[in-house]
Amino acid sequence: MLDTKPIRAVTFDAGGTLLRPAQPVGEIYARVAREFGLQAASAAELEENFAREWRQKGEFDYSQEAWFALVRRTFGAHADRLPEAFYPALYEEFAHVEAWHLFEDVLPTLDELASHGIPMGVISNWDNRLRPLLSAFKLTGFFDVIVPSCEVAFNKPSPVIFEIAVRQLGLPPEQILHVGDHYLEDVEGARSAGLQTLHLVRGALHKTAGQITSLLEVPTVVELAGGHLLLSSENT
C-alpha cells in the first residue's frame, strides 16, 4: 500500500552525500605526515587504521580535540614521532576546498529543486569547517538552513538535530524529506524526528523501497504526483 505525503522541503546530509575527500584519507594523512618528517607511515596502513578507528569512534563530538585523538589512534605507534604542530596542520588540510570532491549529481539536483522553489537545508555531523566548505563550493545560496552538529551539540541519529532544522524551516516534519547515505544516522535519525527519508546508495545494482542511487532522482520523487512523495508506508 502506498502512503502519499506532500514534500515541501528537502534536507541533505553532507559527507558521502554532497561531498567526499578528493583523495583517499590515508594518502592525505601520509602526505602531510611526510611534510613533518615522518616517512614510515604508508598510505595503505593509514587508510586501514582510519577506517577501523572511524567504525569504532563511538561518541564523537566533532571537536578539534576529538579529531586529534582519532588521528593519533590512526597513526598508532607512529604518532610519537609527529610534532604537536602536525595535528592542526592536518585539520586545516581538510578545511580547504581542494581536499574535497563535489559529487557530480549535486549541482544539477540543487538547481532543479531550486527552480521549483523547494526550500533546502543541510543536516550534518560535521565541525566548524562545514560552512566555509559549502561557501567555497558556492552551495550556500541553495540552502535555507545549515545545521552542523558542532553548532547544536547533538549528532545524528539524535532526533534533536533534525528537530532544530525543522523549526528553522518552519514546516511540519512530515512535509520534509531528508536524503543521506548513512542508514542509521540519516534514515533512522530522520524518521525518529518524523521526517520522510530517502537512503542514497550510490552504485547499488538493485534498489529497495526508499532507496535511490543518485541525487538526480530526488526532484522526480518530490514532483511525483504533483509534488507528493510515494513510498511504501513501512519506509516512511
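Residues numbered from 1 in each chain as written. Predicted model: local features only at pLDDT ≥ 70, side-chain atom pairs only at ≥ 80, totals over all residues. Heavy atoms only, no water.

**Q** Break down the sheet that holds strand 6 (residues 145-148) for me, with residues and values.
**A** Strand order in the open sheet formed by six strands is 6-5-2-7-8-9, and the pairing between neighbours is parallel. Two strands bound the open sheet, and with one partner strand each, they are strand 6 and strand 9 (211-212). Pairing of strand 5 (residues 120-124) with strand 6, which is carried by four bridges, proceeds in the parallel orientation. Across the sheet, the residue bridging to valine 122 is isoleucine 146, located in strand 6. Sheet strands touched by helix 8 (residues 159-169): strand 2 (9-12), strand 5, strand 6 and strand 7 (176-180). Its angle to strand 6, the strand with the most contacts, is close to 160 degrees. Against the sheet, helix 9 (residues 183-192) engages strand 7 and strand 8 (196-200), with an angle of about 170 degrees to strand 8. (Pairing = 2+ DSSP bridges. Helix = DSSP H or I, 4+ residues; strand = E, 2+ residues; numbered from the N terminus. Contact = heavy atoms within 4.5 Å. Axes fitted to C-alpha atoms, helices over the stretch in contact; angles between N-to-C directions.)

**Q** Run through helix 1 (residues 25-35), naming residues and quoting values.
**A** Of the residues making up helix 1, those classed as buried are Val25, Gly26, Ile28, Tyr29, Ala30, Val32 and Ala33. At the exit of helix 1 stands glycine 37, carrying a positive phi of roughly 90 degrees. (Buried < 20%, exposed > 50% of the residue type's maximum accessible area, 1.4 Å probe, protein only.)

**Q** I'd like a description of the nonpolar core, backed by residues and values.
**A** Judged by nonpolar contacts, the single largest core of 59 residues is most densely connected at Val10, Phe12, Phe75, Phe143 and Val218. Among residues more than four places away in sequence, those in contact with phenylalanine 75 are Tyr29, Ala33, Leu38, Ala41, Leu46, Leu82 and Phe86. (Core = buried A, V, L, I, M, F, W, Y, C linked by side-chain atoms within 4.5 Å.)

**Q** Can you break down the packing of helix 2 (residues 43-55) against helix 3 (residues 64-75) residue by residue, with the values?
**A** In the contact formed by helix 2 and helix 3, the axes pass within 8 Å of each other and the chain directions differ by 130 degrees. With respect to their mutual orientation, helix 2 and helix 3 come out oblique. Along this stretch, helix 2 crosses helix 3, giving a crossing that reads as right-handed. Counting all contacts with helix 2, which are made through Leu46, Asn49, Phe50, Arg52, Glu53 and Trp54, the residues of helix 3 involved are Trp67, Leu70, Arg73, Thr74 and Phe75. (Parallel < 35°, antiparallel > 145°, perpendicular 65-115°, else oblique. Left-handed = near helix turned anticlockwise from the far one by under 90°.)

**Q** Explain the environment of arginine 20 to me, and be specific about the residues and the numbers.
**A** Structurally, arginine 20 can be placed in strand 3 (residues 19-21). As for arginine 20 and alanine 99, which are separated by 79 residues in sequence, their C-alpha atoms are 8.7 Å apart. Beyond its immediate stretch of four places on either side in the chain, arginine 20 contacts Ala99, Trp100, His101 and Phe103.

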